[in-house]
2 protein chains.
Amino acid sequence: MSGSVAGPEIERLIQLLARLPGLGPRSARRAALHLIKKREALMAPLTTALQVAIEKIEVCHTCGNIDTQNPCTICTDPRRDPSIIVVVADVADLWALERAHATQGRYHVLGATLSPLDGIGPQDLTIDALVTRAREPQVSEIILALNATVDGQTTAHYITDMLQDADVKVTRLAHGVPVGGELDYLDEGTLSAAMRQRTLF
Amino acid sequence: MSGSVAGPEIERLIQLLARLPGLGPRSARRAALHLIKKREALMAPLTTALQVAIEKIEVCHTCGNIDTQNPCTICTDPRRDPSIIVVVADVADLWALERAHATQGRYHVLGATLSPLDGIGPQDLTIDALVTRAREPQVSEIILALNATVDGQTTAHYITDMLQDADVKVTRLAHGVPVGGELDYLDEGTLSAAMRQRTLF
């Protein structure tokens with residue numbers, strides 16, 4: 001592909017857009033052109049939204065959620081059940097569970113799952129912080145809402161071992177989650193069913 | 001879908017990303033999360049690139065191309081053949097032809113094709129400006145590089161009628177372009193072949 005079709009500024013915009021998940025080089029060009037054509041209606045508001053996001057968005061020090069306040073809206077919501085911590089690998093999974101209204105508990109975002117092949121070990125996840133939270137007296141249940149993949153289940157086993165000394169019930173999502181599937185791709189009904197039918201680990 | 005998962009600022013970012021072609025609601029969420037995680041490496045540079053684009057990008061008064069200079073790089077390039085004007089519907093088509101290095105001529109961007117069903121008539125296209133350009137003494141050939149669709153061919157016929165009094169040869173792309181196909185989706189070899197085999201209209 002020639003890099004000089006439309007000047008370096010437009011090429012740079014296209015290259016950055018192409019790094020978004022779901023956009024390849026061709027769709028990034030279409031997106032750039034769409035933005036340029038909708039300068040006032042889309043490009044300017046998107047730029048502002050990105051600036052606001054850069055300035056305001058923080059990682060919650062308690063649970064690892066992404067929000068514009070710290071601790072996050074969920075951690076500070078008095079209607080959320082403080083006795084339940086739902087462990088997810090990623091914020092995308094937290095969002096998926098929230099869209100499904102699957103739990104009234106609070107969350108703990110690990111940041112990833114254990115993956116020896118990718119060099120991701122326990123020290124790369126927020127497991128220590130989870131163990132500390134699990135020992136707080138008001139916490140009675142840890143729900144492992146992890147992908148039904150090898151890495152997800154390896155992580156679940158590892159966390160269960162780490163929590164053996166904590167006085168909490170450790171549960172996991174029911175196998176309504178298709179084996180090999182990923183949380184973020186599931187429909188909300190399946191997610192809700194899996195949350196209802198969670199079993200002792 | 002609940003709008004309150006992650007605060008109004010993130011929801012606004014997701015909604016704006018979802019308006020890009022190629023991104024649906026789900027992939028827009030993934031894109032937003034990816035941006036937030038890559039704040040320094042991607043979100044900040046993309047914001048800057050968008051700001052630069054908003055400030056610098058202009059529509060070329062001569063040909064309708066989008067560039068950071070006006071007249072555009074192609075119109076002011078002395079190596080481009082001033083005797084040839086390649087007529088395209090959209091800047092995306094101009095980019096596709098440039099990627100294929102299909103012509104050394106200059107361009108004329110119509111902005112759209114005639115489409116009675118969508119209420120797009122001749123007054124919505126830059127046909128008057130094209131006729132004026134075609135009458136300039138150095139111009140000897142108008143190449144109609146329009147989609148091989150009903151609307152594209154209707155537009156080609158209309159433009160040919162408008163150019164009857166101008167002293168120019170009017171050609172069109174060879175039917176290497178698959179009938180019903182759109183320029184922007186074609187591979188560069190097909191585009192080059194179609195440019196080489198252009199026929200009298």
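Keep in mind that this is a model prediction, so the values were computed, not measured. Counting from 1, residues in each chain are numbered in the order their sequence is written. All chains are assigned letters beginning at A, and all ligands numbers beginning at 1, according to the order in which they are written. At least 70 in pLDDT is required for a residue's local features to be given in this predicted model, at least 80 for side-chain atom pairs to be given and counted, and no such filter applies to totals for whole chains, interfaces and linings, which use all residues. Side-chain calculation: all heavy atoms of the structure are included, whereas hydrogens and water are not.

J.: Looking at this structure, I do not really get the environment of M162 of chain A. What am I missing?
T.: All names here are of chain A. Within the fold, M162 resides in helix α7 (residues 150-162). Working definition: with a 1.4 Å probe on protein chains only, accessible area under 20% of the residue-type maximum means buried, over 50% means exposed, and in between means partly exposed. For M162, a relative accessible area of 36% gives the class partly exposed. Each C-alpha atom of the pair M162 and T47 lies 44 Å from the other, and the pair is 115 residues apart in sequence. In this description, contact between two residues means that some pair of their heavy atoms is separated by no more than 4.5 Å. The contacts of M162, once residues within four sequence positions are left out, are I127 and V131. Counting from the N terminus, the helices are DSSP H or I runs at least four residues long and the strands are E runs at least two residues long.

J.: Help me out: how do you make sense of the pairing of strand β5 (residues 141-144) of chain B in this one?
T.: Where a strand is regular, its side chains alternate between the two sheet faces. Residues and elements named next belong to chain B. Along β5, one buried face is formed by E141 and I143 and the opposite face, lined by I142 and L144, is buried too. Relative to β5, strand β3 (residues 81-88) runs parallel, the two being bridged by four bridges. The residue bridging I84 from the neighbouring strand is E141, located in β5. As judged from the four bridges shared by β5 and strand β6 (residues 169-172), these two strands associate in the parallel manner. When the sheet's bridge partners are listed, E141 is paired in β6 with K169. In this view, the connection linking β5 to its parallel neighbour β6 by way of helix α7 (residues 150-162) has right-handed handedness. Here a strand pair is declared whenever DSSP counts at least two bridges between the two strands. Here is how to tell: hold the view so the strands point away, follow the path from the first strand over the helix to the second, and if it runs clockwise the crossover is right-handed.

J.: Please clarify how the pattern of salt bridges should be interpreted in this entry.
T.: When charged atoms on two side chains of opposite charge get close, those side chains can pair. Residue and element names in this part refer to chain B. What counts as a salt bridge is simple: a side-chain nitrogen of Lys or Arg found within 4 Å of a carboxyl oxygen of Asp or Glu. In total, this model carries eight salt bridges over all chains according to the counting rule given. A salt bridge links D77 to R79; its shortest N-O distance comes to 3.2 Å. Accessibility expressed as a relative area gives 69% for R79, which makes it exposed.

J.: Sorry, what's going on with the relation of the copies chain A and chain B here?
T.: Residues reaching a pLDDT of at least 70 in both copies supply the C-alpha atoms on which the copies are superposed by least squares. Taken as rigid bodies, chain A and chain B are interconverted by a rotation of 180° and an axial shift of 0.0 Å, the fit giving an RMSD of 0.1 Å. Each copy turns onto its partner about a two-fold axis. Residues of chain A ranked by C-alpha distance from the rotation axis are headed by T47 of chain A, positioned 2.8 Å from it. The share of interface residues of chain A whose copies in chain B are also at the interface is 100%, consistent with both copies meeting through the same surface.

J.: What should I look at first to understand the interface of chain A and chain B in this one?
T.: For interface size, the figure often reported is the accessible area lost on association. Each side of the interface is counted separately: chain A has 57 residues, and chain B has 57 residues. Across the interface of chain A and chain B, roughly 5,700 Å² is buried in total on both sides, 69% from carbon and sulfur atoms. Our count for the chain A to chain B interface comes out at four salt bridges. Its salt-bridge partner being K56 of chain A, residue E9 of chain B comes within 3.6 Å of it at the nearest N-O pair. Any pair of nitrogen or oxygen atoms within 3.5 Å is treated as a polar contact; in protein, a donor-acceptor pairing is required on top of that, and neighbouring residues in sequence qualify only through side-chain atoms on both sides. Linking chain A to chain B there are 12 residue pairs in polar contact (both at pLDDT 80 or more). Only α1 (7-17), α2 (25-37), α3 (39-56), β2 (66-67) and α5 (91-99) of chain A provide two or more residues apiece to the side of chain A that touches chain B. A per-class count over the side of chain A that touches chain B returns 33 nonpolar, eight polar and 16 charged. Defined here as a combined quantity, buried area equals the accessible surface (1.4 Å probe) lost by two parts on assembly, summed across both. Lys, Arg, Asp and Glu make up the charged group, whereas Ala, Val, Leu, Ile, Met, Phe, Trp, Tyr, Cys and Pro make up the nonpolar group; the residues left over, Gly among them, are polar.

J.: So what exactly am I meant to see when it comes to helix α8 (residues 188-196) of chain A here?
T.: Taken together, the buried positions of α8 of chain A are L191, S192, A193, A194 and M195 of chain A. Along its buried surface, α8 of chain A packs onto α5 and β5 (141-144) of chain A.

J.: Explain the domain arrangement of chain A here, please?
T.: A domain assignment, automatic or from a database, supplies the domain bounds used here. Taken domain by domain, chain A holds domain 1 (8-56) and domain 2 (66-172). Domain 1 of chain A and domain 2 of chain A are separated by 33 Å when their C-alpha centres are compared.

J.: Is there a simple way to think about helix α2 (residues 25-37) of chain B in this case?
T.: Residue pairs spaced three or four apart in an α-helix point in one direction, given the helix's 3.6 residues per turn. By definition here, a helix of n residues has an expected span of 1.5 Å times n minus one. Taking 1.5 Å of rise per residue, the 13 residues of α2 of chain B would be expected to cover 18 Å, and the 18 Å separating its terminal C-alpha atoms lies within 8% of that figure. Residues of α2 of chain B that are buried: A28, R29, A31, A32, L33, L35 and I36 of chain B.

J.: I'm lost on the pairing of strand β3 (residues 81-88) of chain A in this one. Help?
T.: Residue and element names in this part refer to chain A. When you tally the buried positions in β3, you get six out of eight residues, the bulk of the element. As paired elements, β3 and strand β4 (residues 105-109) share five bridges and run parallel to each other. Paired with I85 across the two strands is R106, which belongs to β4.

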